[in-house]
Amino acid sequence: MNEIDVSALMREFRAIENKTIGKIIYIIIPVVAQCPNCHGSGEVDYVSCSGEKYCISCPVCDGKGEVNCDPENPETKFKVITDKITGVDLVSRSGLRFAHFDSNWGLVLENIYFDKEEAQKACDRKNYEAVHWKELLKEKYK
Ligand SMILES: [Zn+2]
C-alpha cells in the first residue's frame, strides 16, 4: 500500500498559496437579506382588537420574506465587491480565504472573478435573471 507523501502535498498546497495570495478579486454577493420581521416566512401573527389571532402577510417585506439592503436600487439582487485573497483554506467551500469577506459564508467559485468587467457582466446577468426569471423559464420550455 502506498503511503501518502505529506510533504509533497504540503509543497503543492504552498505552490497554490503563493500563486493566489494577495490577488485582487471581485466577488458577486446578494444584496437581499432575510426579513428581520418575519424571519423569511413572509407571514406574521396579528392579534385584532377583539383578541382574534390572524396570520397576515408581513408588512415589512410585503410577504416576500426578504428585504433589499440597497433601497435606492430595489430591483438589484446582486452586486460586485472587491476583495483580496489572503490564503488557501481547504475547509471553506471556495477553497480560499479573503481579507474582508467571511469565507465561511458558503461562497462558491463561480461567484469569484479576477477580472472586474467579467464580474460586473456576470452580476448584471444574475440581476436580469432574478427579475425576468418567469420569461426566461417560459422561453426555455417553449
Ligand atoms: Zn417579512
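Look up a bit, the structure's there.
(A) Seen up close, the environment of Ile21. By secondary structure assignment, the location of Ile21 is in the loop between helix H1 (6-20) and strand E1 (24-30). For the pair formed by Ile21 and Phe78, sequence separation is 57 residues and the distance between their alpha carbons is 25 Å. Setting aside residues up to four positions removed in sequence, Ile21 forms contacts with Ile85, Thr86 and Gly87.

(B) Inspection of the pairing of E1 at higher detail. As paired strands, E1 and strand E6 (residues 78-88) are joined by seven bridges and run antiparallel to one another. What sits directly across from Ile29, in E6, is Lys79. Summarising the sheet, E1 and strand E8 (residues 112-113) pair through two bridges and their orientation is antiparallel. What sits directly across from Ile27, in E8, is Ile112.

Calculation notes
- Residues numbered from 1 in each chain as written.
- Predicted model: local features only at pLDDT ≥ 70, side-chain atom pairs only at ≥ 80, totals over all residues.
- Helix = DSSP H or I, 4+ residues; strand = E, 2+ residues; numbered from the N terminus.
- Contact = placed C-beta atoms within 7 Å.
- Pairing = 2+ DSSP bridges.

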